[in-house]
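Descriptive structure summary
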Amino acid sequence: MFVFTLVILFVLFILYKLMLIVPMREVHVIERLGKFRTVLQPGFHFLIPFFDRVSYRHDTREQVLDVPPQSCISKDNTQLEVDGLVYLKVMDGKLASYGIENYRKAAVNLAQTTMRSEIGKLTLSETFSERDRLNESIVREIDKASEPWGIKVLRYEIRNITPSRHVIHTLEKQMEAERRKRAEITLANAEKAAMINMSEGERQEAINISEGQKQKRINEAKGTGQEIAIIAKAKSEGMAMISQALAVNGGNDAMNMLLKEQFIAQLGKILNDSQVSVVPAEMAKLEGFFEGMEQVTQTVSGHNAMSKGAR
């Protein structure tokens, strides 16, 4: 019975060594008598017991490796602490097994050295503003170096970029100065805009005043012109009425009488208003003056009569 049990156990052990099931997410590297034989893909496989053995198992899924923080020096001699993540995938199980001892550790170390090299080509401001270009450069360099290892570096992401405390303090002062500069520029622009608006207002005010004065002068000129026209029209109508009156019988005598009265009235006004006694030098000539005025009146009447006869 004991022997039978041993036989059963031996058979089960042989079957266990004979059959191999490779999971979907893995590939197995098989060695026969210590020499590479094949890479088994996911599925069911048979092995030769005691001759074939599984030497390496590799996960074919995408793997994420943490790149520890490290000290880097930028192009402008600024010290930075940088860490990141590297994403890779096993493409060839044989090369991943025999091409390098530990591809995970090698990928992390290569990412660190490549990151130091790439950051040394950039200034501090560029490391923050050009992360995408930096990530692409690191991926390109790591993928080129890791090709003999049978892995594919898919991408690299910088997680944190931390300057030293002294650099942070300097950056804070720089940002404060920049904010102060922007505030001063804003205030200067506001004052400039206010002065421009004030000057525009004064200019518009001067224009409005000049336009008002111009319009005032135009209106005064128009009023003066209308006044002169009305006075001239009134004088013309008055002269016409006087001419008509002179043409009537007795008109000349009335005109002579009116002129004499006006002359006497004006003379009396002059004598009353003046402080010096004014006496005409030739009082005897007054009669001749009136007779001359009468002749002028008759002449004007004769001309009016002739004009009417011609019509």
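These remarks concern the structure in this document. Worth saying up front: this structure is predicted, and the values here are computed from it rather than measured.

1. Here's the deal with the overall build of the chain
In terms of regular secondary structure, the chain is built from eight helices and eight strands. Counting over 311 residues, the chain shows a buried share of 24%. A separation threshold of at least 6 residues defines the contact pool for the chain, and within that pool the share at least 24 residues apart is 65%. Of the roughly 22300 Å² that the chain leaves accessible, carbon and sulfur atoms contribute 59%.

2. As for the sheet that holds strand β2 (residues 26–32)
Sheet architecture is open: three strands sit in the order β3-β2-β5, paired in antiparallel fashion. The open sheet has two edge strands with one neighbour each: β3 (35–40) and β5 (52–59). When the angles between neighbouring strand axes are averaged without regard to direction, this sheet yields 25°.

3. Side note on unusual backbone geometry
A negative phi angle is the norm for most residues apart from glycine, just as the trans form is the norm for most peptide bonds. Its identity as a non-glycine residue notwithstanding, L33 has a phi of 55°, on the positive side. With respect to the helices and strands, L33 occurs in the loop between β2 and β3. Overall, L33 belongs to the exposed group, its relative accessible area being 63%. One non-glycine residue with positive phi stands out, namely F50, at about 70°. Checked against the element boundaries, F50 lands in the loop between β4 (43–46) and β5. Accessibility expressed as a relative area gives 57% for F50, which makes it exposed.

4. Points about the pattern of salt bridges
Across all of its chains, the model carries twelve salt bridges by this definition. Between R203 and E200 there is a salt bridge, with its nearest N and O atoms 3.8 Å apart. Of this pair, R203 and E200 both sit in helix α6 (residues 165–247), three residues apart, roughly one helical turn. Here the residues in one salt-bridge network are D66, D83 and R159, joined through shared partners.

Conventions and cut-offs
Residues numbered from 1 in each chain as written. Predicted model: local features only at pLDDT ≥ 70, side-chain atom pairs only at ≥ 80, totals over all residues. Heavy atoms only, no water. Helix = DSSP H or I, 4+ residues; strand = E, 2+ residues; numbered from the N terminus. Buried < 20%, exposed > 50% of the residue type's maximum accessible area, 1.4 Å probe, protein only. Contact = heavy atoms within 4.5 Å. Areas by Shrake-Rupley, 256 points an atom, 1.4 Å probe, with all protein chains shown as cover. Pairing = 2+ DSSP bridges. Axes fitted to C-alpha atoms, helices over the stretch in contact; angles between N-to-C directions. Salt bridge = Lys/Arg side-chain N within 4 Å of Asp/Glu carboxyl O.

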